Amino acid sequence: MTKKITYNQDELINLIRQRNQKAFTFLYDNYSKALFGVINSIVSSQEEAEDVLQNTFVKIWNNFESYEESKGRLYTWMLNIARNLAIDSTRSKHEKIKSKIQSTTDTVYQKNNLYVDDTAHESIGIRAILGTLKEEHKIIIDLAYFEGYTQEEISKKLNLPLGTVKTKVRQAILTLRDLTKKEFLQ
Amino acid sequence: MKEHEVISSGLLESYVLGTTTVEENELVRDLCIKHPSLTDEIELIEEALINYSAQTITPLNKELKNKISDKLFSNTNTETEIIPITKTDKTIRLYKLGIAASIVFFITSIAYIFYLQDNLHISEVNSIEIINAKISAEEKVYEQQQSLNALESKLQILSDPKIKTVGLKGMNSLASNSALIHWNTESDAVYFNASKLPATAAGKQYQLWAIVDGKPIDIGVIDLVNDTTFQKMKSVKGAQSFAVTIEKAGGAIAPTMDTMCLLGNV
C-alpha cells in the first residue's frame with residue numbers, strides 16, 4: 001500500500017519530460033490509487049471514476065509542458081487535474097454530485113456531534129482509518145483534499161473561525177502522518 | 001518567518017492540497033530555498049495525503065494500468081483513438097488527393113511534352129518550309145531582278161536608234177516559230193531574240209549564221225535558258241541575211257543546210 005518514493009521529484013519530472021515509459025509506470029504505481037480515491041469521492045460510479053483516472057493520466061502525459069515546478073508540487077498539479085476532470089465529468093452527466101457530496105458531508109458533520117456514521121464515509125469512498133482520525137478532521141480533510149476547498153471556504157461552510165480550520169487541517173494531516181509512520185513500522 | 005512558524009501556520013498543508021494562491025506558492029518556494037528542511041516537511045504532508053486517499057474501498061481495476069499505458073505508448077488502441085484515426089484518415093485523404101493530383105499533373109505533363117514535341121516537329125517542318133520558301137522567294141527576286149536587268153538592257157539595246165531589227169521566219173522543224181535579230185549597224189553588235197524555241201536533241205545546239213556576200217559566217221551558238229532567249233552574239237559587219245541551223249553542240253565550222261530552221265533577210 002505504501003509506495004516509498006524512489007525517484008526524487010526532479011528526476012521524475014525529467015523522465016516525464018522525456019516521455020519515458022518508466023516514468024509512467026512510476027507515476028501509476030505511486031499515485032493512481034491516491035488519485036482514484038479523490039476521483040471516486042467526486043463521481044458516482046466506479047466505471048466513471050476509472051474513465052476519469054484514465055483521462056487524468058492522459059492529460060498529465062500530454063499536457064506536461066504546462067506543469068511548472070516553481071508553482072507547486074507535481075502531486076498537487078496532478079491532484080488538481082484529477083479533481084477538475086472528475087468535477088467536469090459529473091457536470092457533463094448533469095449530476096449535481098458536488099452538491100450531493102456537500103449535503104452528505106453537511107449531514108455527516110451535523111451528525112458528528114451525535115455519533116460516527118460509517119456509511120457516510122463509505123459513500124465518499126474512503127476506507128475508515130478512523131478510530132484514529134477524528135470525524136471532524138476527516139470532514140475538513142475531505143473538503144480540502146477531495147473538493148479543493150480553501151481554508152477560507154471551509155471556514156464559511158462549516159461556520160468555524162479560520163484559525164480553527166487551519167489548526168484542524170494541520171492536526172488532521174499530522175494524524176495521517178502518524179498513521180503512515182505506523183504502516184511503515186508494520 | 002521562522003521555520004517552526006511556517007510549519008505551524010498551515011501554509012504547507014494548503015500548498016500540498018493545492019488551495020494556495022499564486023503569491024503563497026511563491027512564498028513557499030522562497031521559504032524552501034531559505035530552509036531546505038521545509039521541503040522534507042512538505043514531502044511528509046504529501047505522503048500522508050497520498051496514503052490517505054489511496055485507501056479507497058473500491059479496488060482499482062488491474063487492467064486499467066495496461067489500458068492507459070497502451071493509450072499513451074501505442075497508437076493501436078481503439079475508442080478515444082477515434083480522433084487521431086480521423087486525423088490519420090484526413091491525412092491519408094490529403095495524401096490520396098495529393099497523389100491523384102500528382103498523377104493528373106504527370107499525365108498532363110507527358111501529354112504536353114508530346115504536344116510540344118509534335119509542335120516542335122511541325123515547326124521543324126515549318127522552318128524548313130519557310131527557309132525553302134525564303135530561298136525560292138530570294139531566287140524569284142533574283143530571277144526577276146535578272147529578268148528586269150535583261151529587260152532593261154533589252155530596252156536600252158532596242159531603243160537605240162541605230163538598231164536594225166530583222167525578222168527570221170521559221171522553216172522545216174521550226175515552221176511555226178519565229179525570231180528576231182537586233183543588229184546595231186554602228187557597233188555591229190548582234191542580239192538574238194526568240195521565244196519558245198523547242199529544245200534541241202541531245203548533243204545538238206542552235207547556231208546563228210550571218211550571210212555576208214553570200215558566205216555564211218558563224219556568229220555563235222544559242223544557249224536556250226528560258227522560254228525567252230535574248231542573247232548577245234558575235235559582232236558582224238555587212239550581213240545581208242541571218243540564218244539558224246541545228247548543229248552539233250558547241251557549233252560547226254560550216255552550216256548544215258538541211259537543218260536550217262530560221263531565216264531572214266536584212
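Residues numbered from 1 in each chain as written. Chains lettered and ligands numbered in written order. Predicted model: local features only at pLDDT ≥ 70, side-chain atom pairs only at ≥ 80, totals over all residues. Heavy atoms only, no water.

Asker: Quick question: what am I supposed to make of the overall build of chain A here?
Answerer: Broken down by element type, chain A carries nine helices and zero strands. Helices (α) and strands (β) of chain A occur, in sequence order from the N terminus, as α-α-α-α-α-α-α-α-α. Counting only contacts in chain A whose residues sit at least 6 apart along the sequence, the fraction spanning at least 24 positions is 62%. Surface summary for chain A: the accessible area is close to 9,000 Å², and the carbon and sulfur share equals 48%. (Helix = DSSP H or I, 4+ residues; strand = E, 2+ residues; numbered from the N terminus. Contact = heavy atoms within 4.5 Å. Areas by Shrake-Rupley, 256 points an atom, 1.4 Å probe, with all protein chains shown as cover.)

Asker: Any chance you could explain the environment of E46 of chain B here in plain terms?
Answerer: All names here are of chain B. As for its placement among the helices and strands, E46 is situated in helix α4 (residues 37–54). Given the relative accessible area of 3%, E46 is considered buried. Distance in space between the C-alpha atoms of E46 and L17 is 8.2 Å, their sequence separation being 29 residues. (Buried < 20%, exposed > 50% of the residue type's maximum accessible area, 1.4 Å probe, protein only.)

Asker: Whenever I open this one, the side chain of T56 of chain A confuses me. Can you help?
Answerer: All names here are of chain A. Mapped onto the fold, T56 is located in helix α3 (residues 46–62). According to the relative accessible area criterion, T56 is buried, its value standing at 0%. With near-sequence residues (within four places) excluded, T56 lies in contact with L35, I39, M78, I81, A82 and L85.

Asker: I would appreciate a short explanation of the pairing of strand β4 (residues 204–212) of chain B in the present structure.
Answerer: Consecutive side chains of a regular strand alternate in pointing toward one face of the sheet and then the other. Residue and element names in this part refer to chain B. The buried fraction of β4 amounts to eight of the nine residues, a majority that puts the element mostly inside the structure. Two elements, β4 and strand β7 (residues 241–248), share eight bridges in a ladder whose sense is antiparallel. Its bridge partner lying in β7, Y206 is registered against I246. (Pairing = 2+ DSSP bridges.)

Asker: Sorry, what's going on with the interface of chain B and chain A here?
Answerer: A common way to express how large an interface is: the accessible area buried when the components associate. Of the residues lining the interface, 43 residues belong to chain B; the matching set on chain A comes to 59 residues. Surface buried jointly by chain B and chain A totals about 4,800 Å² across both partners, of which 61% is contributed by carbon and sulfur atoms. The three residues of chain B that bury the most area against chain A are Y52, Q55 and L60 of chain B, which together make up 16% of that side's buried surface. Our count for the contact surface shared by chain B and chain A stands at six salt bridges. Taken together, chain B and chain A are joined by 16 residue pairs in polar contact (both at pLDDT 80 or more). Counting residues per element, the side of chain B that touches chain A draws most heavily on α4 of chain B, at 14 residues. (Buried area = accessible area lost by both parts, 1.4 Å probe. Salt bridge = Lys/Arg side-chain N within 4 Å of Asp/Glu carboxyl O. Polar contact = N/O pair within 3.5 Å; in protein donor to acceptor, adjacent residues only side chain to side chain.)

Asker: What should I look at first to understand the confidence of the model for chain A in this one?
Answerer: Any segment with low pLDDT has predicted coordinates that should not be analysed in fine detail. Residue and element names in this part refer to chain A. Taken as a whole, chain A shows an average pLDDT of 78; of its residues, 73% reach a score of 70 or greater. Within chain A, the lowest mean pLDDT, 40, falls on helix α6 (residues 118–124), and the highest, 93, falls on α3. In this model, residues 106–126 is a region of pLDDT below 50 whose contacts with residues beyond four sequence positions or in other chains number 34 contacts. (pLDDT = per-residue confidence, 0-100.)

Asker: What should I look at first to understand helix α5 (residues 63–73) of chain B in this one?
Answerer: Counting along an α-helix, one turn takes 3.6 residues, and residues three or four places apart therefore face a common direction. For α5 of chain B, the full list of buried residues reads L64, I68, S69, K71 and L72 of chain B. In an axial view of α5 of chain B, the angular spread of the buried residues amounts to 160°, which keeps them on one side of the axis. Those residues of α5 of chain B hidden inside the fold are in contact with α2 (21–42) and α3 of chain A. (Arc of directions from axis to C-beta.)

Asker: Got a minute to help me understand the packing of aromatic side chains in this structure?
Answerer: Two numbers describe a pair of aromatic rings. These are the distance of the centres and the angle of the planes. Evaluated as defined, the whole model comprises 15 aromatic pairs over all chains. Each ring, one from F24 of chain A and one from W61 of chain A, has its centre 6.2 Å from the other, and the planes form 80°; the classification is edge-to-face. With F24 of chain A in helix α2 and W61 of chain A in helix α3, the pair connects residues that are 37 residues apart, well separated along the chain. When its relative accessible area of 1% is taken as the criterion, F24 of chain A is described as buried. Site record: aromatic cluster; members linked through ring pairs are F24, Y28, F57 and W61 of chain A together with F73 of chain B. For R19 of chain A, the ring lying beneath its charged end belongs to W61 of chain A, and the centroid distance is 5.9 Å. (Phe/Tyr/Trp six-rings, centres within 6.5 Å; stacked < 30°, edge-to-face > 60°. Lys NZ or Arg CZ within 6 Å of the ring centre and 35° of its normal.)

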